[in-house]
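Next come the chains, spelled out residue by residue.
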Amino acid sequence: MPLGYALRTGDPEAARRAIEISGLILANGERPGDLLLVKTGPGQLHLAIAAEDGVIHADAQLRRVVERPGPMPWPVIGRWRVTKGD
């Protein structure tokens, strides 16, 4: 977990830098398995994983990781993947 991590943060640039430092690359197009940076509310960013038909994410209300079917419920502000060949 990054130093200074907070549940709520409105700094997408800091999140992007942390993701790219981890070795992920900016994705071109959409694929299951992509890491998504989404904006779930004012000042709140969230990470999710793209699934075949939906998204996998940690649900704060349910207090567990869930797969949510259907279209993305939040705006996607960034998408990354492991390597160009994957």
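Reading guide: rules and limits
Residues numbered from 1 in each chain as written. Predicted model: local features only at pLDDT ≥ 70, side-chain atom pairs only at ≥ 80, totals over all residues. Heavy atoms only, no water. Helix = DSSP H or I, 4+ residues; strand = E, 2+ residues; numbered from the N terminus. Buried < 20%, exposed > 50% of the residue type's maximum accessible area, 1.4 Å probe, protein only. Contact = heavy atoms within 4.5 Å. Areas by Shrake-Rupley, 256 points an atom, 1.4 Å probe, with all protein chains shown as cover. Pairing = 2+ DSSP bridges. Salt bridge = Lys/Arg side-chain N within 4 Å of Asp/Glu carboxyl O.

### Observations regarding the overall build of the chain
Part 1 of the argument: Per the secondary structure count, the chain includes one helix and six strands.
Part 2 of the argument: For the chain, the N- to C-terminal ordering of α and β elements is α-β-β-β-β-β-β.
Part 3 of the argument: A total of 86 residues make up the chain; the buried ones form 28% of that total.
Part 4 of the argument: Within the chain, residue pairs in contact and separated by at least 24 positions form 53% of the contacts whose partners lie at least 6 positions apart.
Part 5 of the argument: Of the roughly 6100 Å² of accessible surface on the chain, 56% is carried by carbon and sulfur atoms.

### A short note on the sheet that holds strand S6 (residues 76-81)
To summarise the sheet geometry, strands pair through backbone hydrogen bonds and adopt either a parallel or an antiparallel arrangement.
Part 1 of the argument: Ordered in space as S1-S6-S2-S3-S4-S5, the six strands form an open sheet in which the pairing is antiparallel. With partners counted over all chains shown, the strands left at the sheet margins are strand S1 (25-26) and strand S5 (64-69), one partner each.
Part 2 of the argument: Of the strand pairs in this sheet, strand S2 (residues 35-41) and S6 are connected by four bridges, and their pairing is antiparallel. Looking at S6, one finds that Leu35 is bridged to Trp80.

### Thoughts on the pattern of salt bridges
Part 1 of the argument: Within this structure, the stated rule accounts for three salt bridges.
Part 2 of the argument: A salt bridge links Arg16 to Glu13; the nearest nitrogen and oxygen atoms lie 2.7 Å apart. A residue pair is termed a helical-turn pair when its members lie 3 or 4 positions apart in one helix, as Arg16 and Glu13 do in helix H1 (residues 12-21) at three residues.
Part 3 of the argument: Among the residues examined, Arg16 registers a relative accessible area of 22% and is labelled partly exposed.
Part 4 of the argument: In this structure, Arg79 and Asp34 form a salt bridge, with 3.0 Å as the shortest nitrogen-oxygen distance.

### Points about the environment of Leu47
Part 1 of the argument: Mapped onto the elements of the fold, Leu47 is located in strand S3 (residues 44-51).
Part 2 of the argument: For the pair Leu47 and Leu36, spaced 11 residues apart in sequence, the C-alpha to C-alpha distance is 5.6 Å.

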